[in-house]
Amino acid sequence: MNQTYPFYVKLSCILISIVILGFLAIIGEQILIPMVLGLLLAILLMPMCRFMEKRLRFPRGLSSIVASVLALAIIGFVIYELSIQVAKLSNDWPQFQKQFITLTDDLQSWISKTFGVRRKDQLEYLNDTAKKSISTGTAIVETALRSIGYVLMLTGFTFLFTLFFLLYRTHLLKFLVASFSETYHKTVFEIIDNIQFMVKKYLVGLFLQMIIVTILSFIAYTIIGVKYNFMLAILTGILNILPYIGIFTALLIGALITFATAGISHVLFIVIAIIVIHAIDGNII
């Protein structure tokens, strides 16, 4: 006997289910995030595995390991190059301090002349602000260390999930198909194939967009004469994936590093270059 429930009962059940699923997602985010990343990376690496299995006659286990290790090596190489550039950037810290002191002195003079605020009052305000910042310094360092540990853990688990998805992709497909009745097996195969095709095309397009923006940024930074053009180009390409916030963050980082190494006159060119690159990316690429 079929029983029809009122609308408010159905709506309550749906809302409660959404809350429970959201709560479970928050609790298991340390597992779900690398699992989703591993699934996306596995979809992106699947053509490479199929090529090695069909053309090179590699066993599935060997092709999965080679593809996963290759992806991990590329990511590790990019992180290694960025860390070297950041280490070199620390050598320019005295120059950055000198530039900042000069800019602060000019700014204090302008505030004093324009608004009539004495330098002594400005320094007292800055000292109070600095004391408050120092009091939270330990928490900032602790958060940074936790972030580094989380990134390492995320990378490790993503690598493992990618390897397992590539290695057991046939079993996963059989499990999904077996979850439905035989009448819908063909439809399930088509849906899975379409999802895999769409996700792969999206990831490939996103990757090509990142590479093109990185190349354009590298050319622009080289023409302007920025010292750490390779690092800034990679950061611009990676951060550009994030809508609006990413390009603004790349602009801020590029302006600060350019100010520290080349002076404030080059900052304007950096701003113009990133705005032009963002316009090309948003309207053409």
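A quick note: this is a predicted structure, and the numbers were derived from the prediction, not measured. (Residues numbered from 1 in each chain as written. Predicted model: local features only at pLDDT ≥ 70, side-chain atom pairs only at ≥ 80, totals over all residues. Heavy atoms only, no water.)

### Digging into the overall build of the chain
1) Next: Looking only at helices and strands, the chain features eleven helices and zero strands.
2) Next: Each helix and strand of the chain, ordered N terminal to C terminal, gives the series α-α-α-α-α-α-α-α-α-α-α.
3) Next: Buried residues in the chain amount to 24% of all 285 residues.
4) Next: Looking at the chain as shown, the accessible area adds up to about 20000 Å², and 73% of this sits on carbon and sulfur atoms. (Helix = DSSP H or I, 4+ residues; strand = E, 2+ residues; numbered from the N terminus. Buried < 20%, exposed > 50% of the residue type's maximum accessible area, 1.4 Å probe, protein only. Areas by Shrake-Rupley, 256 points an atom, 1.4 Å probe, with all protein chains shown as cover.)

### A look at unusual backbone geometry
1) Next: Located in the positive-phi region is Arg-57, a residue other than glycine, with phi close to 60°.
2) Next: Looking at the element boundaries, Arg-57 is found in the loop between helix H2 (29–54) and helix H3 (60–89).

### Topic: the nonpolar core
1) Next: One finds Tyr-221, Val-226, Met-231, Leu-232, Ile-270 and Ile-274 to be the most contacted residues of the largest nonpolar core, which totals 18 residues.
2) Next: Contributions of two or more residues to this core are made by helix H8 (185–224), helix H9 (229–239), helix H10 (245–261) and helix H11 (267–283).
3) Next: Among residues more than four places away in sequence, those in contact with Val-226 are Tyr-221, Leu-232, Thr-258 and Ile-270. (Core = buried A, V, L, I, M, F, W, Y, C linked by side-chain atoms within 4.5 Å. Contact = heavy atoms within 4.5 Å.)

### Observations concerning H8
1) Next: With 40 residues, H8 should reach 58 Å at 1.5 Å per residue; the first-to-last C-alpha distance of 58 Å fits that figure.
2) Next: Those residues of H8 that fall on the buried side of the exposure criterion are Val-188, Gln-196, Leu-203, Met-210, Val-213, Thr-214, Ser-217, Ala-220, Tyr-221 and Ile-224.
3) Next: Tucked into the core, H8 has its buried residues touching H2, helix H7 (169–178), H9 and H11.
4) Next: Of the residues trailing H8, Gly-225 is marked for its positive phi of about 95°. (Expected span 1.5 Å × (residues − 1).)

### Quick word on the pattern of salt bridges
1) Next: Tallying each qualifying case throughout the model produces two salt bridges.
2) Next: For Arg-169, the salt bridge identified is with Glu-53, shortest N-O distance 2.7 Å. Here the residue Arg-169 occupies a position in helix H7, and Glu-53 occupies one in helix H2, the gap between them amounting to 116 residues. Comparing Arg-169 with Glu-53, the two get one shared label, buried.
3) Next: Taken together, the shared-partner salt bridges connect Glu-53, Arg-60 and Arg-169 into one network. (Salt bridge = Lys/Arg side-chain N within 4 Å of Asp/Glu carboxyl O.)

### A short note on the environment of Gly-156
1) Next: Position of Gly-156 among the secondary structure elements: in helix H6 (residues 137–167).
2) Next: The class of Gly-156 is partly exposed, set by a relative accessible area of 32%.
3) Next: Gly-156 sits 84 residues away from Leu-72 along the chain, and the two C-alpha atoms are 9.3 Å apart.

### Description of the side chain of Thr-236
1) Next: Its place among the elements puts Thr-236 in helix H9.
2) Next: Residue Thr-236 is classed as buried on the basis of its relative accessible area, which comes to 2%.
3) Next: Reaching out from Thr-236, the side chain makes a polar contact with the side chain of Tyr-221 at a distance of 3.1 Å.
4) Next: Not counting chain neighbours up to four residues away, the residues in contact with Thr-236 comprise Val-213, Ser-217, Tyr-221, Ile-247 and Ala-250. (Polar contact = N/O pair within 3.5 Å; in protein donor to acceptor, adjacent residues only side chain to side chain.)

### Things to note about the packing of aromatic side chains
1) Next: One pass over the structure, following the stated rule, counts two aromatic pairs.
2) Next: Ring geometry for Phe-164 against Tyr-168: centres 6.4 Å apart, planes inclined by 35°, an arrangement best described as tilted.
3) Next: The class of Phe-164 is partly exposed, set by a relative accessible area of 42%. (Phe/Tyr/Trp six-rings, centres within 6.5 Å; stacked < 30°, edge-to-face > 60°.)

### Concerning the packing of H2 against H8
1) Next: Look at H2 against H8: their axes get within 9 Å of each other, and the N-to-C directions meet at 95°. As summarised for this structure, H2 and H8 are arranged roughly perpendicular, according to the angle between their axes. In contact with Leu-40, Ile-43, Leu-44, Met-46, Pro-47 and Arg-50 of H2, H8 contributes Gln-196, Val-199, Lys-200, Leu-203 and Val-204.
2) Next: Looking at the contact of H2 with H8, its residues break down into eight nonpolar, one polar and two charged. (Axes fitted to C-alpha atoms, helices over the stretch in contact; angles between N-to-C directions. Parallel < 35°, antiparallel > 145°, perpendicular 65-115°, else oblique. Nonpolar A, V, L, I, M, F, W, Y, C, P; charged D, E, K, R; others polar.)

### Some points on the side chain of Ser-63
1) Next: As for its placement among the helices and strands, Ser-63 is situated in helix H3.
2) Next: On the basis of relative accessible area, Ser-63 is assigned to the buried category, the value being 0%.
3) Next: When residues no more than four places from it in sequence are discounted, the contact partners of Ser-63 are Cys-49, Met-52, Glu-53 and Phe-58.

### Considering the environment of Thr-170
1) Next: Within the secondary structure, Thr-170 is located in helix H7.
2) Next: Polar contacts involving the side chain of Thr-170 include one to the side chain of Arg-60, which spans 2.3 Å.

### With respect to the packing of H8 against H11
1) Next: Running from N to C, H8 and H11 cross one another at 155°; their axes reach a closest spacing of 10 Å. Relative to H11, H8 is oriented roughly antiparallel. Considering the relative orientation of H8 and H11, their crossing is right-handed. Contacts between H8 and H11 involve Gln-209, Val-213, Leu-216, Ser-217, Ala-220, Tyr-221 and Ile-224 from the first element and Phe-269, Ile-270, Ala-273, Ile-274, Ile-277, Ile-280 and Asp-281 from the second.
2) Next: Here the contact of H8 with H11 is composed, by residue class, of eleven nonpolar, two polar and one charged. (Left-handed = near helix turned anticlockwise from the far one by under 90°.)

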